[in-house]
Amino acid sequence: MTSSVREWLNLLVRWFHVFAAIMWVGQTYYFTWLDGQFGKLERNAKGTPVALWMVHSGGFYTVEKQKSLRVGPEQVHWFRWEAAMTWLSGIVLMFLVYYCSGGLIDPDIADISQARGIAIGIGVLILGWIIYDLALRSSLGRSAIGFAIFSLIMTAAFAYGLVHVFSGRAAYTHGGTTLRTIMTLTVWARILPAQRKMIAAAATGATFDPALGAQAKLRSKHNTFMAVPVVFIMLSNHFPVATYGNTYSWQILVALVLIGWGAAKVIRQA
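J.: Quick question: what am I supposed to make of empty space enclosed by the protein here?
T.: Over the atoms rolls a probe the size of a water molecule, and its path tells where empty space is left. Enumeration over the complete set of coordinates arrives at one cavity of 30 Å³ or more. Here the largest cavity is characterised by a volume of approximately 60 Å³. Secondary structure elements with two or more residues in the lining of the largest cavity: helix H1 (3–45), helix H5 (168–203) and helix H6 (210–236). In terms of residue count, the dominant contributor to the lining of the largest cavity is H6 (four residues).

J.: Even after reading the chapter, I still don't get the layout of surface pockets, so can you show me in this structure?
T.: Of the voids in this model, the largest pocket is the one considered here, and its volume is about 1,900 Å³. Together, 48 residues line the largest pocket, and Phe31, Asp35, Lys65, Gln195 and Met198 are the ones closest to its centre. Ranked by the residues each element gives to the lining of the largest pocket, the list is headed by H1, at 13 residues. Considering only residue class, the lining of the largest pocket consists of 23 nonpolar, 16 polar and nine charged. Each pocket or cavity is described by its volume, and for the second largest pocket that value is around 860 Å³. Contributing to the lining of the second largest pocket are 36 residues, with Phe147, Ala148, Ser151, Phe225 and Trp261 lying nearest its centre. In terms of residue count, helix H4 (residues 144–163) provides more of the lining of the second largest pocket than any other element does, 11 residues in total. Looking at side-chain class alone, the lining of the second largest pocket contains 22 nonpolar, 10 polar and four charged residues.

Here is what the cut-offs are and how they apply
Residues numbered from 1 in each chain as written. Predicted model: local features only at pLDDT ≥ 70, side-chain atom pairs only at ≥ 80, totals over all residues. Heavy atoms only, no water. 1 Å grid on protein atoms, 1.4 Å probe; cavity = no way out; pocket = protein on both sides within 12 Å on 5 of 7 lines; lining within 4 Å. Points joined across faces, edges and corners; volume = space filled by probe spheres on them. Helix = DSSP H or I, 4+ residues; strand = E, 2+ residues; numbered from the N terminus. Nonpolar A, V, L, I, M, F, W, Y, C, P; charged D, E, K, R; others polar.

As C-alpha cells, this is what we get:
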C-alpha cells in the first residue's frame, strides 16, 4: 500500500468514524435528557400521564413515555448501528495507524516485536470489557461510589501499563479504544438483549422483569460517563506536548478521564 493510498484511507475512515461517533453520542445524550425531563414531569404530575413537547425544524413534536407496547415489535425503532459503526471504524483506524505501520512500538519504552504489541493491544481491549462487566454484575456494581472508585483505580492501572508498553500516542489510543469497546459491548451484549426481552414480553401483554430496564438504564448511564473522556482522548492525539508526550503522560490520561466524568455529570444534569 502506497503512502498516498494509506493517507486517503486514513482520512476517509476517520471521517466516517467521527460522524458515526457524533450520531451515537448525540442520541445517547438525547435519551439521557429525555429521561431526566420525564423524571421531573412525572414527579410534578403525581401519577397522571405526561408528555414532553419540543420544537424543531419548523414543527412541534410530542414524546410520551410508555410502560407497555401499543404497536407491533416491527414498528419499534432500535438505536444500535451507531455504536457498531463507531467501534468498527475505530478498529480499522487502529490497524491503519498502528498495527500496519510503525506507530505502535517505541523501542526506548519497550523493545518488543510488532506481533507481540498487536497481541497485547487486542488483549487489553478484551480484558477491559471482562473486568468491567464482571465488576458491574458483582456486589460492587450496586454501589455507585464504590464502582466509581474501582473504575478509577483500574483506569490508572491500565494507563500505567499502556505507557510502559506502547509509544505514547498508541498508549492513549488504546486507552480510548478500551473505553469504546466497553461502551459498544455494553450496547450489543447487555442493553439490546434486555430490550429484546422487554419488547417480547410487552408484545404478548406479559409483565417483564423491571430489573431488565433498570440494568439497561444503568449501563446506558455508564456509557454517557465514558463518552466524554473518549472524545478527550481522541483530541489528545493533536496535543502531544500536553498529553502523551508529557513526562506525566499516564497521570494526565487518568486526569482526562476524571475530568470527563465531571463534565458528563454536568451535561447529564443540564
